[in-house]
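Letter by letter, the chains look like this.
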Amino acid sequence: MKTEELILAIETSCDETSAAVIRGGTDIVSNVVSSQMESHKRFGGVVPEVASRHHVEQITLIVEQAMKDAKVSFSDLDAVAVTEGPGLVGALLIGVNAAKAIAFAQGLPLIGVHHIAGHIYANQLVQPLTYPLLALVVSGGHTELVHMEKEGSFTIIGQTRDDAVGEAYDKVARTLGLPYPGGPHIDRLAAAGEATISFPRAWLESDSYDFSFSGLKSAVINTLHNYKQRGEEAKIEDVAASFQQSVIEVLVGKTKRAVEELEVKQLLLAGGVAANKGLRAALEEEFSTSVELIIPPLELCTDNAAMIGAAASSKWKQRLFSGYDLNGNPGLSLM
Ligand code: KG4
Ligand code: ZN
């Protein structure tokens, strides 16, 4: 058996069309990402129909570019991997059908990958993973604490009961009149402000690892409304800093308790919100000695196919292949 398998991976679950070639689950041979952000900006969020249309237009070009950058031919590949869910169903289908077509034409095994498994395995492109580990997954659609006792095993120990953290950032940003996606704007403003406003922290039940961000979002909106009624102007930097402090305190607090209780060897950060400078700094400060902390570079935190190739490698080793009945599954479960 070849140990350094070469996998072509495809990701089209949301608004990036991406293809990558990954060797042995750890080496990025190529990784091409085409973002549709500009097309969705004027709508203030991702429009599913627009996303599907872009994926159809881009997918062949992006796969060809990834193969060209990798300087390999289809006959060099050992498998084709693709995000099968969760995500937008129309968007997922474009990637799934492209992967199926390549796998069928080249006689290659097909590997369906869970999008969140991909975000977690992005860390394996940075450093070898050591189990048991804990992953804090923070993105536009997900806020989860995932315990991995061993390779390929996922237990969600906590998740959001309402808004995902990225979604809360985007909604608060919208209220503040900032463009989509708002996360990076709030992050930038927060660095220039002070956390002078007292917003709630949703700790929920004392033994729960679940999160809730909709109350915080409403508190920010109410505060802005009250300022307006009093004819005062809220300092936008301070609102951003106060909101961000509330988010980070809860994320770091619950993560810390889980790290201690589960006695994990590594803590991984995953998902688009991992780009947040305040969160990165707070985690680095909190976990400087207690656990090995891995934070991927920004381009591996946002959606990309390299992470899908890394996750697929684990399935390739176990011969966990998909059939040609593989379908886009918007509600795919991680466990
Ligand atoms: O993982 P991702 O690229 O897409 C999903 O799978 O959801 O995450 C996108 C989310 C958006 O909500 C965006 O506002 C947020 O990540 N984000 C940030 C930052 N950069 C991106 N949130 C807070 N601070 C940032 N610097
Ligand atoms: Zn994602």
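That block above? That's the structure.
Reading the values: the criteria
- All residue numbers refer to position in the chain's written sequence, counted from 1.
- For this description, chains carry letters from A and ligands carry numbers from 1, given in the order in which they are written.
- Restriction of local features to residues with pLDDT of at least 70 applies here, the model being predicted, together with a cutoff of 80 or more for giving and counting side-chain atom pairs; totals for whole chains, interfaces and linings are based on all residues.
- The basis for every side-chain value is the complete set of non-hydrogen atoms in the structure, without hydrogens or water.
- Each helix is a run of DSSP H or I of at least 4 residues and each strand a run of E of at least 2, with the numbering of both proceeding from the N terminus.
- Under the scheme applied here, a residue whose accessible area is under 20% of the maximum for its type counts as buried, over 50% as exposed, and between as partly exposed, the area being computed with a 1.4 Å probe on protein chains only.
- Here a donor is any nitrogen, oxygen or sulfur atom (N, O, S) within 2.8 Å of the metal, with 3.2 Å used for Na, K and Ca; water is not among the atoms considered, so some sites may look incomplete.
- The rule is simple: four donors are tetrahedral if all their angles sit between 85 and 135 degrees, four are square planar and six octahedral if opposite donors span more than 155 degrees and the others lie between 65 and 115, and anything that fits none of that is irregular.
- Think of it this way: DSSP has to see at least two bridges between two strands before they count as a pair.
- All axes here are fitted lines through C-alpha atoms, helices being fitted over the stretch that makes contact, and every angle between N-to-C directions spans 0 to 180 degrees.
- Here, residues are in contact when the closest pair of their heavy atoms is within 4.5 Å.
- Each helix should span, by expectation, one fewer than its residue count multiplied by 1.5 Å.
- Buried Ala, Val, Leu, Ile, Met, Phe, Trp, Tyr and Cys residues that are joined via side-chain atoms within 4.5 Å together make up what is termed a nonpolar core.

Cis geometry is found at the peptide bond from Gly-85 to Pro-86, where omega equals -10°. Along the chain, the position of Pro-86 falls in the loop between strand 4 (79–85) and helix 3 (89–106). We note that Lys-71 has phi near 55°; this positive angle belongs to a residue other than glycine. Residue placement: Lys-71 occurs in the loop between helix 2 (48–70) and strand 4. Judged by relative accessible area, which is 75%, Lys-71 ranks as exposed. In the Ramachandran plot, Arg-319 falls in the positive-phi region, its phi being about 55° despite a non-glycine side chain. Structurally, the position occupied by Arg-319 is in the segment after helix 11 (305–317). Residue classification places Arg-319 among the partly exposed residues on the basis of a relative accessible area of 41%.

Around the zinc ion (ligand 2), the donor atoms from the protein are His-115 (NE2), His-119 (NE2) and Asp-303 (OD), and they sit 2.0 to 2.2 Å away. Around the zinc ion (ligand 2), the 4 donor atoms are arranged such that angles at the metal cover 92 to 144°; this shape is classified as irregular. What makes His-119 buried here is its relative accessible area of 2%.

Turning next to the sheet that holds strand 7 (residues 143–148). Taken together, 5 strands build an open sheet; the order of strands is 8-7-6-9-10 and the sheet is mixed. The open sheet is flanked by strand 8 (155–159) and strand 10 (292–294), the only strands paired with a single partner. Taking the axes of each pair of neighbouring strands and ignoring which way they run, one obtains an average angle of 20° across the sheet. Of the pairings in the sheet, the one linking strand 6 (residues 133–138) to strand 7 comprises 6 bridges and is antiparallel in character. When the bridges of strand 7 are listed, Val-138 appears paired with Thr-143. Docked against the sheet, helix 9 (residues 277–286) engages strand 6, strand 9 (266–270) and strand 10, running at close to 175° with respect to strand 9.

Attention shifts here to helix 8 (residues 236–262). Spanning 27 residues, helix 8 covers 39 Å between terminal C-alpha atoms, matching the ideal 39 Å at 1.5 Å per step. A positive phi of about 50° marks Glu-263, the residue just after helix 8.

On to the nonpolar core, then. Counting residues in hydrophobic clusters, the biggest one holds 46 residues, and the most contacted among them are Ile-186, Phe-243 and Leu-251. For this core, the elements supplying multiple residues, two or more each, are strand 6, helix 5 (165–175), helix 6 (183–192), helix 7 (214–229), helix 8, strand 9 and helix 9. Considering every element that reaches this core, the biggest residue donor is helix 8, with 11 residues. Contact partners of Phe-243, with chain neighbours within four places excluded, come to Ala-168, Tyr-169, Val-172, Ile-186, Phe-199, Leu-216 and Val-220. Residues Ile-7, Ile-120, Met-148 and Ala-270 belong to the second largest nonpolar core, which totals 35 residues.

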